[in-house]
Amino acid sequence: MPGHPHVARRDGNLYVEGVSLDALAREHGTPLFVYSRQWMLDALAAYQRGFAGRNALICYAMKANSSLGVLRVFAEAGCGFDIVSGGELSRALAVGADPARIIFSGVGKTPAEMKQALAAGIGCFNVESEAELDVLNEVALAAGQRARISIRINPNVDPKTHPYISTGLKGNKFGVAHDRAVAAYKHAARLPGLEVVGIDCHIGSQITDAGPYLDAMDKVLDLVEAIEAAGIRLHHIDFGGGLGIDYNGDKPPAADALWKQLLARVDARGFGDRQLMIEPGRSMVGNAGVCVTEVIHTKPGEDKNFCIIDAAMNDLPRPAMYQAFHAIVPVSERATDATIYDVVGPVCESGDWIGRDRALAVEAGDLLAVLSAGAYCMSMASNYNTRGRAAEMLVSGDSARLIRRRETVQDQLLSEQV
Ligand SMILES: *Cc1c(COP(=O)(O)O)cnc(C)c1O
């Protein structure tokens, strides 16, 4: 499949690596997320090639997909993790992540989360405001520790992506404004509970153009010069994540090619000796995953035909949240003519659509695969309409392992009382 080298059709049936999706769905039910381990390792390898010979650390941004079975693949491969909550820290530690390779991002870390992360001995807090510097300083002093920090800079560049996933523009809530950065670093350097170790930025997600990265890189390197001129040494430079994937013929730069370009700038400005860090999420898992779903009914209409499936916006929230596109293909092909359908879920919302105007030859009971479902699907899944969250499988070669069992209604009711 385009963009999905580990998803292929054999004799009309869809496979992830060597495993038949039809067989998996018959055994484990639907909706079912299926991930290719090899796709993840190949995605990581592209970044590793880009950083060959460098002092570099790749921190997987686990909010893209924080399932333990997925995290373990990256932990075993030597990745660090970029976390955005105390809950994510617990997940990283549960798979044996090295705390020194964990960095903590996010605009609203609570004192309790700061304390938890200090106790775990994480590598760095990516601080997003001047107020956060003061709170973290107090929490660290109270714990008798020094918190290693970098400040997230908002470089004010347009990543040319969906407004909800742009984060590096002046109007966004993220980071410290470029103009305030030197003052914020001087403030941080005076706080006894903090140790300044780096600088970071992250401009947005699903970026398919190298231009905004190069612009942001220049602005960050300008600041590295200015901050060091003020006598504050920066040991690492973290360029965030955000590289896009192919959902619908998108052509993002390859990770290794992009980093070759970026590193040329870093070297030209004389910062090639620093530790270089990145925080990729989507590009590490997005096209590793498919969601297998069953057609419940087809419903012809005057204006539209609907194909009603058993996966919904609670499983696959990206279309409802960002009008995002996921390719949808039959698991087993039919020889009959295709009809144009809106593919929708059972949830009681008109926003509950998964694909619009799709040509499909399907009948009730058929299986469909929603592609590019590895990132920002299961990690965003909810229980809306008291729907249990889907099961997940990790495929490696010819074998498939259940990494999350299907959530039952008992699981959901357990935390409630009348
Ligand atoms: C979400 C996020 C990332 C990862 O973004 P992707 O687009 O998934 O690569 C990296 N860094 C920070 C701070 C983030 O919030």
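Note that the structure is predicted; figures quoted are calculated from it, not measured.

Procedures and definitions
- Numbering of residues starts from 1 in each chain and follows the order in which that chain's sequence is written.
- Given that this is a predicted model, residues contribute local features only at a pLDDT of at least 70 and side-chain atom pairs are listed and counted only at 80 or more, while totals for whole chains, interfaces and linings are drawn from all residues.
- As a convention, hydrogens and water are excluded, and side-chain values are obtained from all of the structure's heavy atoms.
- Helix and strand definitions here come from DSSP, where helices need a minimum of 4 consecutive H or I residues and strands a minimum of 2 consecutive E residues; each element is numbered from the N-terminal end.
- With C-alpha atoms as the basis for the radius of gyration, the globule rule is written as 2.2 Å multiplied by the number of residues raised to the power 0.38.
- Between two residues, a contact is recorded if the distance between any of their heavy atoms is within 4.5 Å.
- The angle between two axes is taken between their N-to-C directions and runs from 0 to 180 degrees, where each axis is a line fitted to C-alpha atoms and a helix contributes only its stretch in contact.
- Should an angle fall under 35 degrees it is taken as roughly parallel, and over 145 as roughly antiparallel, whereas 65 to 115 is taken as roughly perpendicular and any remaining angle as oblique.
- In a left-handed crossing the near helix is turned counterclockwise from the far helix by less than a right angle, and in a right-handed crossing that turn is clockwise.
- In this classification, Asp, Glu, Lys and Arg are treated as charged, Ala, Val, Leu, Ile, Met, Phe, Trp, Tyr, Cys and Pro as nonpolar, and every other residue, Gly included, as polar.
- For our purposes a nonpolar core is just a set of buried Ala, Val, Leu, Ile, Met, Phe, Trp, Tyr and Cys residues, chained together by side-chain atoms within 4.5 Å.
- Burial here depends on accessible area, computed with a 1.4 Å probe over protein chains only, as a share of the maximum for the residue type. Under 20% is buried, over 50% is exposed, and the range in between is partly exposed.
- Annotation comment: domain bounds sourced from an automatic or database domain assignment.
- Paired rings are identified among Phe, Tyr and Trp, the last through its six-membered ring, by centres lying within 6.5 Å, and are further divided according to the angle between planes into stacked (under 30 degrees), edge-to-face (over 60) and tilted (the rest).
- Proximity is defined per residue: if any heavy atom of the residue lies within 4 Å of a molecule or strand, that residue is considered near it.
- The term polar contact refers here to a pair of N or O atoms within 3.5 Å; inside protein, the definition further demands a hydrogen-donor-capable atom paired with an acceptor-capable atom, and it admits residues adjacent in sequence only when both atoms are side-chain atoms.
- Only protein atoms enter the 1 Å grid used here. Points where a 1.4 Å probe fits but cannot escape make up a cavity, open sets with protein on both sides within 12 Å along at least five of seven lines make up a pocket, and a residue lines them when an atom lies within 4 Å of a point.
- Cavity and pocket membership follows a simple rule, namely that a molecule belongs there if more than half of its atoms are within 2 Å of the grid points.
- Grid points are joined across faces, edges and corners, and a volume is the space filled by probe spheres set on the points.
- When a carboxyl oxygen of Asp or Glu is within 4 Å of a side-chain nitrogen of Lys or Arg, the pair counts as a salt bridge.
- UniProt positions are given in the numbering used here, feature names are shortened, and annotations may be inferred rather than shown by experiment.
- Note: two strands are recorded as paired if DSSP finds a minimum of 2 bridges between them.
- Crossover handedness is defined here as right-handed if the route from the first strand over the helix to the second strand goes clockwise, with the strands pointing away from the viewer.

Chemist: Tell me about the overall build of the protein, and please be specific about residues and values.
Modeler: Along its length, the protein carries 12 helices and 21 strands. Radius of gyration (C-alpha) of the protein: 22 Å, near the 22 Å computed for a compact globule of 418 residues. With respect to the three principal axes, the spread of C-alpha positions in the protein is 70 × 55 × 40 Å. When contacts within the protein are restricted to residue pairs at least 6 apart in sequence, long-range pairs at least 24 apart make up 70% of them.

Chemist: Could you give an account of the packing of helix 3 (residues 68-76) against helix 4 (residues 86-94), with specific residues and numbers?
Modeler: For any two helices packed against each other, the geometry is given by the interaxial angle and the distance between the axes. Relative to each other, helix 3 and helix 4 sit at 60°, their axes nearing to 9 Å. Considering their axes alone, helix 3 and helix 4 lie oblique with respect to each other. Once helix 3 is placed against helix 4, the crossing between them reads as right-handed. Residues L68, L71 and R72 of helix 3 lie in contact with helix 4, whose contacting residues are R91, A92 and A94. Of the residues contributing to the contact of helix 3 with helix 4, the split by class is four nonpolar, no polar and two charged.

Chemist: Can you break down the nonpolar core residue by residue, with the values?
Modeler: One finds F81, F125 and I149 to be the most contacted residues of the largest nonpolar core, which totals 104 residues. Per element, the largest residue contribution to this core is 10 residues, and it comes from helix 8 (residues 210-229). When residues of this core are sorted by domain, at least three fall in each of domain 1 (7-36 + 286-413) and domain 2 (105-280). In this view, F125 contacts F104, K109, M114, A117, L118, L136, A147, R148, I149 and S150; residues no more than four positions away in its chain are not counted. Counting 20 residues, the second largest nonpolar core, distinct from the first, contains V7, L32, L371 and A391.

Chemist: Account for unusual backbone geometry, with residues named and values stated.
Modeler: Residue P31 is reached from T30 by a cis peptide bond, and omega for that bond is -10°. Inspection of the secondary structure puts P31 in the loop between helix 1 (21-28) and strand 4 (32-36). In this structure, D357 takes a positive phi of about 50° despite not being glycine. Structurally, D357 can be placed in strand 18 (residues 353-360). One non-glycine residue, Y376, adopts positive backbone phi at about 55°. Structurally, the position occupied by Y376 is in the loop between strand 19 (367-370) and strand 20 (391-396).

Chemist: Please give an account of the packing of aromatic side chains that cites residues and values.
Modeler: Summed over all chains, the structure comprises six aromatic pairs. Between F51 and W259, the aromatic rings sit 4.8 Å apart at their centres with planes inclined by 40°, giving tilted as the arrangement. Taken together, the residues F51 in the loop between helix 2 (37-50) and strand 5 (56-61) and W259 in helix 9 (residues 255-268) connect sequence positions 208 residues apart. Ring plane angle 40° and centroid distance 4.5 Å describe the contact between Y60 and F74, whose orientation is recorded as tilted. Taken together, the positions of Y60 in strand 5 and F74 in helix 3 put the pair 14 residues apart, joining distant regions of the chain. Here Y60 falls in the buried class, since its relative accessible area comes to 0%. With a relative accessible area of 0%, F74 lands in the buried category.

Chemist: Account for the site of the ligand, with residues named and values stated.
Modeler: In the neighbourhood of the ligand, 14 residues make up the surrounding shell, with K63, S205, E279, R282 and Y376 lying closest. Between the ligand and D82, the relevant distance is 3.2 Å, taken from a nitrogen atom to a side-chain nitrogen or oxygen of the residue. At 2.6 Å, a side-chain N or O of E279 approaches a nitrogen atom of the ligand. Taken atom by atom, the bulk of the ligand overlaps the largest pocket.

Chemist: Which residues make up the layout of surface pockets, and what values go with them?
Modeler: Size it by volume and the largest pocket reaches roughly 730 Å³. Sorting the residues of the lining of the largest pocket by element identifies helix 4 and helix 10 (282-285) as the ones contributing at least two each. Taken together, the residues of the lining of the largest pocket break down into 12 nonpolar, 12 polar and 11 charged. Two domains each donate at least three residues to the lining of the largest pocket, and these are domain 1 (7-36 + 286-413) and domain 2 (105-280). One number sums up the size of the second largest pocket: a volume of about 430 Å³.

Chemist: Explain the pattern of salt bridges to me, and be specific about the residues and the numbers.
Modeler: For the structure shown, the criterion picks out 21 salt bridges. A salt bridge links R387 to D315; its shortest N-O distance comes to 2.9 Å. Residue R387 is found in the loop between strand 19 and strand 20, and its partner D315 is found in the loop between strand 15 (306-309) and helix 11 (318-322); the two are separated by 72 residues along the sequence. Considered together, R387 and D315 belong to a single accessibility category, that of buried residues. Bridged by salt links that share partners, the residues D222, E225 and R269 form one connected network.

Chemist: Could you give me a rundown of the UniProt feature "modified residue: N6-(pyridoxal phosphate)lysine" (unreviewed entry) in the protein, with the residues and numbers involved?
Modeler: As recorded in UniProt, the feature "modified residue: N6-(pyridoxal phosphate)lysine" (unreviewed entry) lies at K63. When sequence neighbours within four positions are dropped, the list of residues in contact with K63 reads V84, E88, Y376 and S379.

Chemist: I'd love a proper account of the pairing of strand 5, names of residues and values included.
Modeler: The buried count for strand 5 comes to five of six residues, which makes it a mostly enclosed element. Of the strand pairs in this sheet, strand 5 and strand 13 (residues 275-278) are connected by three bridges, and their pairing is parallel. If you follow I58 over to strand 13, its bridge partner there is I278. Note: strand 5 against strand 6 (residues 80-83), three bridges, orientation parallel. In the strand pairing of strand 6, Y60 is matched with F81. With helix 3 bridging strand 5 and its parallel neighbour strand 6, the resulting β-α-β unit is right-handed.

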